[in-house]
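Overview (structure and organization)
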Amino acid sequence: MKKRHLCIPLLTIILAGCTSAPEQPGADTVLPPCGMLPNCVNSYSGTGGSAIAPLQATTEQWQALKRWLAQQDNWTITEETPDFLQAVVKTPLMQFRDDVQLVFDRQAGELQVRSSSRLGISDMGANRRRIESLRTHLASEAAAAAAD
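What this report covers is the structure whose coordinates are included nearby. Only a predicted model underlies this, so the values are computations on that prediction, with no experimental measurement involved.

A short note on the pairing of strand E6 (residues 110-117)
Of all 8 residues in E6, 8 are buried; the element is thus mostly enclosed. Here strand E1 (residues 40-42) pairs with E6 via 3 bridges, running antiparallel. Bridge pairing links Asn 42 to Arg 114 in E6. Where strand E2 (residues 55-56) lies against E6, 2 bridges are found, and the strand directions are antiparallel. Note that in E6 the partner of Gln 56 across the bridge is Glu 110. The pairing of strand E5 (residues 97-105) with E6 spans 8 bridges and is classified as antiparallel. Residue pairing across strands places Asp 99 opposite Ser 116, the latter belonging to E6.

Comments concerning the state of the cysteines
Using the criterion set out here, one finds 1 disulfide in the structure. Covalently, Cys 34 is tied to Cys 40 through a disulfide, its sulfur atoms 2.1 Å apart. Linking Cys 34 and Cys 40, the disulfide has an S-S dihedral of approximately -65° and is accordingly described as left-handed. Owing to a relative accessible area of 15%, Cys 34 belongs among the buried residues under this scheme. Judged by its relative accessible area of 5%, Cys 40 falls in the buried class.

Remarks on the packing of aromatic side chains
With the rule as written, the count across this model stands at 1 aromatic pair. Ring centres of Trp 62 and Phe 104 lie 5.6 Å apart, and the angle between their planes is 15°; this geometry places the pair in the stacked category. Pair noted here: Trp 62 is in helix H2 (residues 59-70) and Phe 104 is in strand E5, with a separation of 42 residues, a long-range link. The two residues Trp 62 and Phe 104 agree in class, both being buried.

Some remarks on helix H3 (residues 126-147)
Note: α-helices contain 3.6 residues per turn, so residues at a spacing of three or four share the same orientation. The end-to-end C-alpha distance of H3 is 31 Å, a good match for the 32 Å that 22 residues give at a rise of 1.5 Å each. Three or more residues of H3 are buried, namely Asn 127, Arg 130, Ile 131, Leu 134, His 137 and Leu 138. When H3 is viewed along its axis, its buried side chains cluster within an angular range of 110° and face the same direction. Among the exposed residues of H3, those pointing more than 90 degrees away from its buried face are Arg 129, Thr 136, Ala 146 and Ala 147.

Conventions adopted
- Residues numbered from 1 in each chain as written.
- Predicted model: local features only at pLDDT ≥ 70, side-chain atom pairs only at ≥ 80, totals over all residues.
- Heavy atoms only, no water.
- Buried < 20%, exposed > 50% of the residue type's maximum accessible area, 1.4 Å probe, protein only.
- Helix = DSSP H or I, 4+ residues; strand = E, 2+ residues; numbered from the N terminus.
- Pairing = 2+ DSSP bridges.
- Disulfide = S-S within 2.5 Å.
- Phe/Tyr/Trp six-rings, centres within 6.5 Å; stacked < 30°, edge-to-face > 60°.
- Expected span 1.5 Å × (residues − 1).
- Arc of directions from axis to C-beta.

See below:
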């Protein structure tokens, strides 16, 4: 009987961590803020543990990144405009669906980024690692272009 009483609060906590895909930003291209759970990073409005620096990119790097992401097996681009990309990323092991939004600011030469998990209370750092891997990819592409 006691086990059943423990399952209800646990199930409530797990389901409270479930979210749906974020909506595409409007014309002002402001990414939605992260919630209070530690399962999101956001360069535009992140604070505390959800804060992350935007990615530096030229227009050419932005176009190359969009083409590269479209070729990745675990990425599905769901929305794309010249300065915005939204994708669903499936985690390798458990196939959880996470949402990534990228907004390119041409004048600043940077990408505002948001990566959030749909399921769970914590992402165990997966969203931060994902964005940092994009940062590393952009840096390696820039280094390769400079070497040419």
